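Here is what each chain is made of, one letter per residue.
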Amino acid sequence: MIQPKLSLVGAGPGDPDLITVKGLKVIAEADVILYDDLAGKALLSYARKGVEKIYVGKRVGKHSHTQQTINELIVHFAQEKGHVVRLKGGDPFIFGRGYEELEYARSFGIPTDIVPGISSAHAVPALQQIPLTSRGFSQSYWVVTATTKEGGLTPDIALAAQSTATIVILMGTKKLKEICNTFRQYGQEDKPVAIIQNGTLANEKIVSGTIRDIEALADSANIASPAIIIVGEVVRLGKPFTQIIQEVQTL
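Residues numbered from 1 in each chain as written. Predicted model: local features only at pLDDT ≥ 70, side-chain atom pairs only at ≥ 80, totals over all residues. Heavy atoms only, no water.

A. View of the pattern of salt bridges. Under the criterion given, the structure shown has nine salt bridges. One salt bridge connects K175 with E178, and the closest N-O pair in it is separated by 3.7 Å. With a shortest N-O distance of 2.6 Å, D190 and R212 are connected by a salt bridge. Placement of the pair is D190 in the loop between α6 (176-185) and β10 (192-197) and R212 in the loop between β11 (205-210) and α7 (214-220), with a sequence separation of 22 residues. Since its relative accessible area comes to 51%, R212 is described here as exposed. Connected via shared salt-bridge partners are R86, K88 and E101. (Salt bridge = Lys/Arg side-chain N within 4 Å of Asp/Glu carboxyl O. Helix = DSSP H or I, 4+ residues; strand = E, 2+ residues; numbered from the N terminus. Buried < 20%, exposed > 50% of the residue type's maximum accessible area, 1.4 Å probe, protein only.)

Shown next as structure tokens:
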């Protein structure tokens with residue numbers, strides 16, 4: 001007898017080695033896997049032979065499926081096959097729309113489970129030795145999405161620009177000009193910034209600068225999504241910024 005179930009599994013920030021042990025165990029139990037762009041495809045090799053694997057990825061401006069369609073696929077396969085693993089990049093509950101999928105499955109009486117994942121918001125800076133908090137530099141950090149569901153710049157960016165906290169901005173590359181203009185309005189032109197594209201992966205790309213020059217630096221480096229933006233004094237402590245300082249001193 002088929003026993004429907006949904007497990008939301010956080011795949012981590014990109015490097016397949018950064019998924020949790022429990023995440024791998026749940027993938028190995030799946031009857032169907034629905035996976036997205038930011039979930040490393042190498043993780044699919046941990047599934048049992050013959051398990052159906054369906055790509056449902058969404059990137060900026062490129063959606064293979066609408067969110068409603070994904071919700072319906074989860075319910076369909078849970079009822080038809082049994083245990084559906086929804087493999088999502090990062091952590092399903094941090095800008096991953098995981099709760100919407102969980103809630104939809106529950107409305108059909110499908111049991112649900114979640115395996116948290118390592119979010120790029122803190123893992124990607126950490127691997128570049130950028131601490132989000134550090135005594136004397138930052139006592140807190142904010143994680144903000146740059147874009148509202150209507151497509152505009154989130155008003156939280158203006159609040160963040162007035163804070164002394166470290167600001168981690170997700171899904172912000174398309175809004176970089178607006179973000180920088182907002183920080184300039186509050187006199188933050190010299191605030192350090194790092195942008196990290198494809199964090200944790202072999203094709204990772206990093207630029208560092210300040211609010212004053214980061215747009216030009218990102219443009220010359222052809223920075224694109226997926227990328228995260230880190231704004232704050234702690235950026236000066238990380239590898240990208242200290243390497244730039246060392247190069248300037250040797251000139």
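From this point, things continue past the structure.
B. Seen up close, the nonpolar core. Formed by 22 residues in total, the largest nonpolar core has its most connected members in I167, I169, F183, I195, I229 and V231. Elements with a minimum of two residues in this core: α5 (156-161), β9 (166-170), α6, β10, α7 and β12 (227-231). When residues of this core are assigned to their parent elements, the largest contribution, four residues, is made by α6. Other than its neighbours up to four places away in sequence, F183 contacts I157, A160, A161, I167, Q188, I211 and V231. L8, L34, A105 and I110 belong to the second largest nonpolar core, which has 17 residues in total. (Core = buried A, V, L, I, M, F, W, Y, C linked by side-chain atoms within 4.5 Å. Contact = heavy atoms within 4.5 Å.)

C. Inspection of the environment of K5 at higher detail. Mapped onto the elements, K5 comes out in strand β1 (residues 5-10). A residue is classified by how much of its surface remains accessible, and K5, at 29% relative accessible area, is partly exposed. Here the alpha-carbon distance between K5 and S140, two residues 135 residues apart in the chain, equals 37 Å. Every residue in contact with K5, bar those within four places of it in the chain, is listed here: A78, G82, H83, V84, I110, P111 and D113.

D. Spatial organisation of the pairing of strand β8 (residues 141-145). Bridge count for β8 against β9 is five bridges, and the pairing is parallel. Along β9, the bridge assignment pairs V143 with V168. With α5 bridging β8 and the parallel β9, this β-α-β connection has right-handed handedness. (Pairing = 2+ DSSP bridges. Right-handed = clockwise from strand over helix to strand, strands pointing away.)

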